[in-house]
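Geometric and topological summary
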Amino acid sequence: MVKELPLQSPSLLSFIKQFAALLVLGSTLHLAHADGNLDDEGERRARTAGASLIGQPGPVAVLETIDGTKIDLAELYGKKPVYLKFWATWCVPCRQQMPGFEQLQQAMGDKVQVIAVNTGFSDDIASIRAYRKEHRLTMPVVIDDGSLAADLNLRVTPQHVVIGRDGLISHIGHLDDQALHTALERAVSEQTASASRSEINTAPKAPQFAVGDTVNDLNIETLDGNQVRLGKGDKPRALVFFAPWCESYLEESRPETSQACLRVRKDVDSLMGQVDMEWLGVSSGLWVSASDLQDYKNTTPTTLPLALDEQDELFRAFAIRDIPTVVLLDAQGRVANILKPQDDNLVEAVKALH
């Protein structure tokens, strides 16, 4: 675990602070074993989530790079292997892997279509451009809107996806290891016929509800096993979209987001004792399992009911790309307000519903 510490200061205080943050992350991810290893756990999660996709057709998507170039994945199938690497600017192992990622682009970029896919999760274009410049990335960089992550069962960052020349997914993993390089070498060496567009499937697209829309056909199960159906009800409802690692893990790599998560958690806990409405914390499935969320509930001073949005279906339904985000529904099930991380008027917005 120590190797993932983003040490940037020689001071003992800085070391202790960062080490403590990593220990909290380890607890959040249910990895508090003596020999716990986030790399191994990330690989396990990526492979488990991707197992059903191996041998299946790659996604149909037209990606647009941050420089405005269009890449039609379906047009590549049958002609050239594709290597998609999901990453985020706040992700420590992503940063560790980036030099090797660029070396691979330099060595194989003429044989494989390498694409750096930023998850678009609590990230922004300025940070992404600065990150590309810092790491001198020369492959195309795109920002996912959540749909590609849904198609490929994204569960961790980084997550590698290798699609062969035949358009079939051959490898999904987390590590920059021999298995990844073997999959790439095999993809380059294979000679196959063109893939059929009609054979390639994509995950169903979730509806998107904006302010003023009435929510329907959405439900989720809480950690306690209660089914929550979103829509018209007896009371207004607040949906708090977050991730249990936000406050701890992002304290160093994205401190403003960490502070926003802390502020919203405290505001919500205070409001729950003052305002008569339904509350629900909705966790992303990125780096989160049901046991991780239960650990968070057991160790964090909050009474907010929690639910795991494992497939991020509710996140996509409300087009949530940043945490924390609070969606307020009135008693008729209409979206009354959507508060982003920078919005600090949650108390006023909640009281406006009554």
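The text that follows walks through the structure, step by step, so that each part is easy to find.

Procedures and definitions
Residues numbered from 1 in each chain as written. Predicted model: local features only at pLDDT ≥ 70, side-chain atom pairs only at ≥ 80, totals over all residues. Heavy atoms only, no water. Disulfide = S-S within 2.5 Å. Buried < 20%, exposed > 50% of the residue type's maximum accessible area, 1.4 Å probe, protein only. Helix = DSSP H or I, 4+ residues; strand = E, 2+ residues; numbered from the N terminus. Pairing = 2+ DSSP bridges. Axes fitted to C-alpha atoms, helices over the stretch in contact; angles between N-to-C directions. Contact = heavy atoms within 4.5 Å.

**Section: the state of the cysteines**
Between two cysteines, a covalent bond joining their sulfur atoms is known as a disulfide. A full pass over the atoms with the stated rule returns two disulfides. With a sulfur-sulfur separation of 2.4 Å, C91 is cross-linked through a disulfide to C94. Taking the sign of the S-S torsion, about 80° here, the bridge from C91 to C94 comes out right-handed. This pair shows no difference in class: C91 is buried, exactly as C94 is. Disulfide pairing is shown between C246 and C261; the S-S distance is 2.0 Å. An S-S torsion of about 90° defines the bridge between C246 and C261 as right-handed. Here the residue C246 occupies a position in helix α8 (residues 246–253), and C261 occupies one in helix α9 (residues 255–272), the gap between them amounting to 15 residues. Cysteine pairing for the protein chain (bonded cysteines numbered in sequence order): 1-2, 3-4.

**As for the sheet that holds strand β3 (residues 82–87)**
Across the sheet, which stays open at both edges, the five strands sit in the order β5-β4-β3-β6-β7 with mixed pairing between neighbours. Only two strands of the sheet have a single neighbouring strand rather than two, namely β5 (141–143) and β7 (169–173). Strand-to-strand twist of the sheet, defined as the mean angle between neighbouring strand axes without regard to direction, takes the value 20°. When β3 meets strand β6 (residues 159–163), the two strands line up antiparallel, connected through five bridges. For Y83, the partnering residue across the bridge sits in β6 and is V162. Strands in contact with helix α5 (residues 125–135) are β3, β4 (113–118) and β5; relative to β5, the strand with the most contacts, it is inclined by about 160°.

**Considerations on unusual backbone geometry**
For residues other than glycine, phi is negative in most cases, and the peptide bonds are mostly trans. Note that the residue after T157, namely P158, is joined by a cis bond; omega there is -10°. Within the secondary structure, P158 sits in the loop between α6 (147–151) and β6. Cis geometry is found at the peptide bond from I323 to P324, where omega equals -5°. The residue P324 is located in the loop between α11 (313–317) and β13 (325–329) in this model. With phi around 60°, W287 is a residue other than glycine that occupies positive phi space. Note on placement: W287 falls in the loop between β11 (278–284) and α10 (290–299). At A319, a position not held by glycine, the phi torsion is positive, near 55°. Here A319 shows up in the loop between α11 and β13. On the basis of relative accessibility, which here comes to 39%, the residue A319 falls in the partly exposed class.

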